[in-house]
Amino acid sequence: MDRKVSELLNDQINKEFYSAYLYLDIANFYSDKGLDGFANWYEIQAREEQDHAMLIYQYLHNNNQKVTLEAIAKPDKAFSTLMDPLQVAYEHEQYVTALINTIYGAAQSANDFRTVQFLDWFVKEQGEEEKNSSDLITKMELFGSDAKALYMLNSELQARVYAAPSLTL
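Okay, so let's go over this structure. (Residues numbered from 1 in each chain as written. Predicted model: local features only at pLDDT ≥ 70, side-chain atom pairs only at ≥ 80, totals over all residues. Heavy atoms only, no water.)

Considerations on the overall build of the protein chain
Along its length, the protein chain carries 5 helices and 0 strands. Reading the protein chain from its N terminus to its C terminus gives the helix and strand order α-α-α-α-α. Relative to the compact-globule value of 15 Å for 169 residues, the protein chain shows a C-alpha radius of gyration of 17 Å, a close match. Viewed in the frame of its principal axes, the protein chain has a C-alpha envelope of about 55 × 30 × 25 Å. Taking all 169 residues of the protein chain together, 47% fall into the buried category. Counting only contacts in the protein chain whose residues sit at least 6 apart along the sequence, the fraction spanning at least 24 positions is 83%. Counting only carbon and sulfur atoms, one obtains 50% of the accessible surface of the protein chain, whose full area is about 9100 Å². (Helix = DSSP H or I, 4+ residues; strand = E, 2+ residues; numbered from the N terminus. Rg over C-alpha atoms; globule rule 2.2 N^0.38 Å. Buried < 20%, exposed > 50% of the residue type's maximum accessible area, 1.4 Å probe, protein only. Contact = heavy atoms within 4.5 Å. Areas by Shrake-Rupley, 256 points an atom, 1.4 Å probe, with all protein chains shown as cover.)

Laid out in structure tokens, this is it:
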């Protein structure tokens, strides 16, 4: 495996674990506000990000690459309104998409077709992640100012259940 691709994948493990921390921080915020459905949604989101990190971790090991685990940064976002975490999450997903695209480009440049194929799943996943984040913002804009509608949205988010990733290595 190309050294740069390996380094970028190693770094992405850290970024995915940071994403999990960020989403747990968002879950804490909503839990403190009494919105257990929102908290549930982001707790599951955090678990998915951990899964993403572990998929990359396993992929590197499967390709005889050294994995170096670095410190995970503490989330530093402050939330004032119920909308703030949703916007932060959407912007964060766009950032992660850019990171995945950078790794994908490096793998293509190195003619590392195995890694390109591995990353195809992440490219698709990021499209889903961005859409989900954007949809939550839209729903909050539509319903967030009405207490009964917010209750229904919270109930909808409470129904989310964890599903393991579909990617197998």
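Now that the structure has been shown, the text picks up again.
Focus on the nonpolar core
Judged by nonpolar contacts, the single largest core of 25 residues is most densely connected at Y23, I26, Y30, F38, Y42 and L86. Those elements giving two or more residues to this core turn out to be α1 (3-32), α2 (36-62), α3 (84-109), α4 (113-143) and α5 (147-158). When residues of this core are assigned to their parent elements, the largest contribution, 8 residues, is made by α1. The contacts of L86, once residues within four sequence positions are left out, are Y30, F38, Y42, L136, I137 and M140. (Core = buried A, V, L, I, M, F, W, Y, C linked by side-chain atoms within 4.5 Å.)

Digging into the packing of aromatic side chains
Tallied over the full model, the rule gives 9 aromatic pairs. Relative to F122, the ring of W121 lies with its centre 5.0 Å away and its plane at 85°, an arrangement referred to as edge-to-face. Neither residue differs from the other here; W121 and F122 are each classed as buried. Aromatic rings pair up to connect Y23, F29, Y30, F38, W41, Y42 and F79 into one cluster. The ring centre of W41 lies 4.2 Å from the NZ or CZ of R160, which sits over that ring. (Phe/Tyr/Trp six-rings, centres within 6.5 Å; stacked < 30°, edge-to-face > 60°. Lys NZ or Arg CZ within 6 Å of the ring centre and 35° of its normal.)

Details of the environment of V5
Topologically, V5 is positioned in helix α1. Among the residues examined, V5 registers a relative accessible area of 0% and is labelled buried.

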